[in-house]
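What the coordinates show
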Amino acid sequence: MNFLDIFNIVARAAKPMHMDVTFATSMEDVLQDINIDSLDGLMMMMYIGDIYGIPDEADKEFYPKTVQEVYDFIQAHKTKEPQSLDEVKEAVK
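In short, a report on the structure. Here the structure is a predicted model, which is why all the values come from computation and not from measurement.

Scanning the entire structure with this criterion turns up one cavity of 30 Å³ or more. What lines the largest cavity is simply F7, L31, G41, M44, M45, P64 and V70. Broken down by element, the lining of the largest cavity gets its largest block of residues, three residues, from helix 2 (residues 38-52). Among the residues making up the lining of the largest cavity, the classes are represented as six nonpolar, one polar and no charged.

On the surface, L39, L42 and M46 cluster together into a nonpolar patch covering about 320 Å² of accessible area. Relative to the assigned elements, M46 resides in helix 2.

All right, on to helix 1 (residues 3-14) then. Taking 1.5 Å as the rise per residue, helix 1 with 12 residues should run 16 Å; its terminal C-alpha atoms sit 16 Å apart, in good agreement. By the criterion of burial, helix 1 is predominantly enclosed, with nine of the 12 residues buried. Here helix 1 has its buried residues at F3, L4, I6, F7, N8, I9, V10, A11 and A14. Here the buried face of helix 1 lies against helix 2, helix 3 (67-77) and helix 4 (85-91). Structurally, the start of helix 1 carries an N-cap: the backbone nitrogen of L4 is 2.7 Å from a side-chain oxygen of N2.

According to the stated counting rule, one finds three salt bridges in the structure shown. Note that D40 and K15 form a salt bridge whose closest N and O atoms lie 2.8 Å from each other. Linking D40 in helix 2 with K15 in the loop between helix 1 and helix 2, this pair joins segments that are 25 residues apart in sequence. The exposure classification of D40 matches that of K15, with both residues buried.

Attention shifts here to the packing of aromatic side chains. Going through the model one piece at a time under the given rule, you end up with three aromatic pairs. Ring geometry for F3 against Y71: centres 5.1 Å apart, planes inclined by 65°, an arrangement best described as edge-to-face. One end of the pair, F3, is in helix 1; the other, Y71, is in helix 3, and 68 residues separate them in sequence. Ring geometry for F62 versus F73: centroids 4.1 Å apart, planes at 15°, classification stacked. Of this pair, F62 sits in the loop between helix 2 and helix 3 while F73 sits in helix 3, and the two are 11 residues apart along the sequence. F73 matches F62 in its accessibility class, with the two residues each being buried. Counting every residue linked through ring pairs, the aromatic cluster contains F3, F7 and Y71.

What follows is about unusual backbone geometry. The phi angle at N35 is positive, at roughly 65°, despite the residue not being glycine. Secondary-structure assignment places N35 in the loop between helix 1 and helix 2.

Cut-offs applied
Residues numbered from 1 in each chain as written. Predicted model: local features only at pLDDT ≥ 70, side-chain atom pairs only at ≥ 80, totals over all residues. Heavy atoms only, no water. 1 Å grid on protein atoms, 1.4 Å probe; cavity = no way out; pocket = protein on both sides within 12 Å on 5 of 7 lines; lining within 4 Å. Points joined across faces, edges and corners; volume = space filled by probe spheres on them. Helix = DSSP H or I, 4+ residues; strand = E, 2+ residues; numbered from the N terminus. Nonpolar A, V, L, I, M, F, W, Y, C, P; charged D, E, K, R; others polar. Patch = residues over 30% accessible without salt bridge, like charges linked within 9 Å, V, L, I, M, F, W, Y side chains within 5 Å. Areas by Shrake-Rupley, 256 points an atom, 1.4 Å probe, with all protein chains shown as cover. Salt bridge = Lys/Arg side-chain N within 4 Å of Asp/Glu carboxyl O. Expected span 1.5 Å × (residues − 1). Buried < 20%, exposed > 50% of the residue type's maximum accessible area, 1.4 Å probe, protein only. Contact = heavy atoms within 4.5 Å. Polar contact = N/O pair within 3.5 Å; in protein donor to acceptor, adjacent residues only side chain to side chain. Phe/Tyr/Trp six-rings, centres within 6.5 Å; stacked < 30°, edge-to-face > 60°.

Take a look at the structure:
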């Protein structure tokens, strides 16, 4: 599974429905440049924590700047892995 696909599903779910989403196209994308603000980032990390089984205390002081930093954080703290994009979509409903 492509991490950018997962990231973009979570980003869409974290943004209010009336807000446009700029999807990530590269692991080097800066969150601020793709319109992920601090509230969106907080919501995304809550979803990501659920999807990847990351303990709540692990992300309390985590403020990523890029998509790559989010990915690296997940790799360092995950306890499970989603099996499909449908599973990711279901987790963010």
